Amino acid sequence: MKLVLATSNKGKVREIKALCKEYEVVAYSELIKEFEIIEDGDTFKQNALIKARAVYKALGDEDVIVLADDSGISVDVLDGQPGIYSARHAGVDANDKDNLFKLIKDLKQKGVASSPAHYTAAIAIVTKKGEYSVHGWMYGDAIAQTRGDGGFGYDPMFIPLGFDQTLGELDEELKKKLSHRFKALSLAKKILKSLL
Ligand SMILES: O=c1nc[nH]c2c1ncn2[C@H]1C[C@H](O)[C@@H](COP(=O)(O)OP(=O)(O)OP(=O)(O)O)O1
Ligand SMILES: [Mg+2]
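One numbering rule holds for all chains: residues counted from 1, following each sequence as written. Just so you know, chain letters begin at A and ligand numbers begin at 1, following the order they were written in. In view of the model being predicted, local features appear only for residues whose pLDDT reaches at least 70, and side-chain atom pairs are presented and counted only at 80 or more, with totals across whole chains, interfaces and linings using the full set of residues. Calculation of side-chain values draws on the structure's entire complement of heavy atoms; hydrogens and water are dropped beforehand.

- In the annotation of an unreviewed UniProt entry, the entry for the protein reads dITP/XTP pyrophosphatase, and the organism field reads Sulfurimonas hongkongensis.
- Per its UniProt entry, the protein bears the Sequence similarities (unreviewed entry) comment "Belongs to the HAM1 NTPase family."
- UniProt positions are given in the numbering used here, feature names are shortened, and annotations may be inferred rather than shown by experiment. Per UniProt, the comment on the protein under Subunit (unreviewed entry) is "Homodimer."

What follows is the structure, encoded as structure tokens:
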């Protein structure tokens with residue numbers, strides 16, 4: 001079964017391909033030209049559905065299965081921010097590094113070296129048979145420094161619960177088994193099986 005990913009984030013594409021080896025996974029940019037999708041929902045779930053619907057419509061192939069991921073990090077001392085705004089934390093044109101250093105600055109401004117935090121991933125699936133969504137979470141601590149350069153996004157400042165190292169330092173294989181994305185995809189696979 002071909003699974004089209006409605007994302008322009010290369011880190012997500014890499015992780016989802018590695019976690020869905022049983023499917024033929026392609027990023028939508030491998031099929032059509034990338035276009036801007038306005039993520040103006042109020043929740044991760046709404047934004048994941050917005051992305052999956054936009055790509056399903058643009059592909060114009062009703063037999064395709066489109067999967068989108070909307071995710072982010074929520075930091076307790078920041079009252080859950082940046083949350084759904086994680087990709088724009090340092091501004092509309094911000095890249096991963098800008099957002100990472102802005103979040104470190106926020107923690108320092110609060111006068112803390114670390115704070116409990118969690119990642120959320122909402123996965124939306126859009127097919128001719130209907131629309132579905134599932135979630136996954138990963139809990140841990142956000143620290144006010146970067147360590148390691150593995151993963152992507154906020155990974156160099158995130159220590160998963162039960163570990164001493166950041167996702168920037170830990171083996172990618174480990175993130176695969178713990179992550180918000182892994183948990184959401186495990187549920188998404190049950191839906192995909194029912195669509196066959
Ligand atoms: O496992 C993760 N490890 C580190 N950082 C992560 C992770 N998962 C989400 N994040 C961060 C990256 C980005 O700042 C935001 C997602 O924003 P989000 O809009 O869902 O993705 P995006 O704009 O990068 O690509 P797209 O919308 O095309 O899927 O949360
Ligand atoms: Mg986005």
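### A closer look at the UniProt feature "binding site: Mg(2+)" (unreviewed entry) in the protein
Argument step 1. The residues that UniProt annotates with the feature "binding site: Mg(2+)" (unreviewed entry) are Asp 70.
Argument step 2. Numbering goes from the N terminus for both helices and strands, where a helix is a DSSP run of H or I of at least four residues and a strand is a run of E of at least two. One can find Asp 70 in strand 3 (residues 65-75).
Argument step 3. Burial status follows relative accessibility: with a 1.4 Å probe on protein chains alone, a residue under 20% of its type maximum counts as buried, one over 50% as exposed, and anything between as partly exposed. A relative accessible area of 3% places Asp 70 in the buried class.
Argument step 4. Contacts described as polar in this section are N or O atom pairs within 3.5 Å, which, within protein, must combine one atom able to donate a hydrogen with one able to accept it, while residues neighboring in sequence count only if both atoms come from side chains. A distance of 2.7 Å separates the side chain of Asp 70 from the side chain of Lys 51, its partner in a polar contact.

### As for unusual backbone geometry
Argument step 1. For the peptide bond that leads from Gln 81 to Pro 82, omega is -5°, which places it in the cis range.
Argument step 2. Within the secondary structure, Pro 82 is located in the loop between strand 3 and helix 3 (96-109).
Argument step 3. Residue Asp 79 is not a glycine yet carries a positive backbone phi of 55°.
Argument step 4. Of the residues examined, Asp 79 reaches a relative accessible area of 72% and is grouped as exposed.

### Things to note about the site of ligand 1
Argument step 1. For this purpose, a residue is taken to be near a molecule or strand whenever a single non-hydrogen atom of the residue falls within 4 Å of it. The immediate surroundings of ligand 1 are formed by 20 residues, with Thr 7, Lys 12, Lys 51, Asp 155 and Lys 175 found nearest.
Argument step 2. Between ligand 1 and the protein, one listed contact pairs an oxygen atom with a backbone N or O atom of Ala 87 at 3.4 Å.
Argument step 3. When atoms are counted within 2 Å of each cavity's grid points, the one that captures over half of ligand 1 is the largest pocket.
Argument step 4. Per-element tally for the shell around ligand 1: the top contributor is strand 3, with four residues.
Argument step 5. For this classification, the nonpolar set comprises Ala, Val, Leu, Ile, Met, Phe, Trp, Tyr, Cys and Pro, the charged set comprises Asp, Glu, Lys and Arg, and every other residue, Gly included, is treated as polar. Partitioned by chemical class, the residues of the shell around ligand 1 number four nonpolar, eight polar and eight charged. Both site types are read off a 1 Å grid over the protein atoms alone. A 1.4 Å probe that fits but cannot get out defines a cavity, while an open set with protein on both sides within 12 Å along at least five of seven lines defines a pocket; lining residues have an atom within 4 Å of a point. Think of it this way: if more than half of a molecule's atoms are within 2 Å of a pocket's grid points, that molecule is in the pocket or cavity.

### Observations concerning a nonpolar patch on the surface
Argument step 1. For patches, a residue must show more than 30% relative accessible area and have no salt bridge; joins then use 9 Å for like charges and 5 Å for nonpolar side chains, namely Val, Leu, Ile, Met, Phe, Trp and Tyr. Exposure was quantified through the Shrake-Rupley algorithm and a 1.4 Å probe, taking into account, for residues, occlusion by the shown protein chains and nothing else. In what follows, salt bridge is the name for a side-chain nitrogen of Lys or Arg lying within 4 Å of a carboxyl oxygen of Asp or Glu. A cluster of nonpolar side chains, Trp 137, Tyr 139 and Leu 161, forms an exposed patch at the surface whose accessible area comes to about 360 Å².
Argument step 2. For Leu 161, the position within the fold is in the loop between strand 6 (158-160) and helix 4 (172-178).
Argument step 3. Taking relative accessible area as the criterion, Leu 161 reaches 62% and is therefore assigned exposed.

### Points about the pairing of strand 4 (residues 114-127)
Argument step 1. For strand 4, the buried fraction is high: twelve of the 14 residues fall into the buried class.
Argument step 2. In terms of strand pairing, strand 4 meets strand 5 (residues 130-143) through 14 bridges, oriented antiparallel. Within strand 5, the position partnered with Ala 121 by the bridge is Gly 136.
Argument step 3. When DSSP finds two or more bridges between a pair of strands, those strands are recorded as paired. Here strand 4 folds back onto strand 5 in antiparallel fashion, the turn holding two residues.

### Overview of the environment of Lys 129
Argument step 1. Considering the arrangement of structural elements, one finds Lys 129 in the loop between strand 4 and strand 5.
Argument step 2. In the structure, Lys 129 is positioned 25 residues away from Ile 104 in sequence and 43 Å away in space, judged by C-alpha atoms.
Argument step 3. Contacts are residue-level and defined by heavy atoms, with any inter-residue pair within 4.5 Å sufficient. With residues up to four places along the chain from it excluded, the contact list for Lys 129 reads Leu 195 and Leu 196.
Argument step 4. A polar atom in the side chain of Lys 129 sits 2.8 Å from the backbone oxygen of Leu 195.

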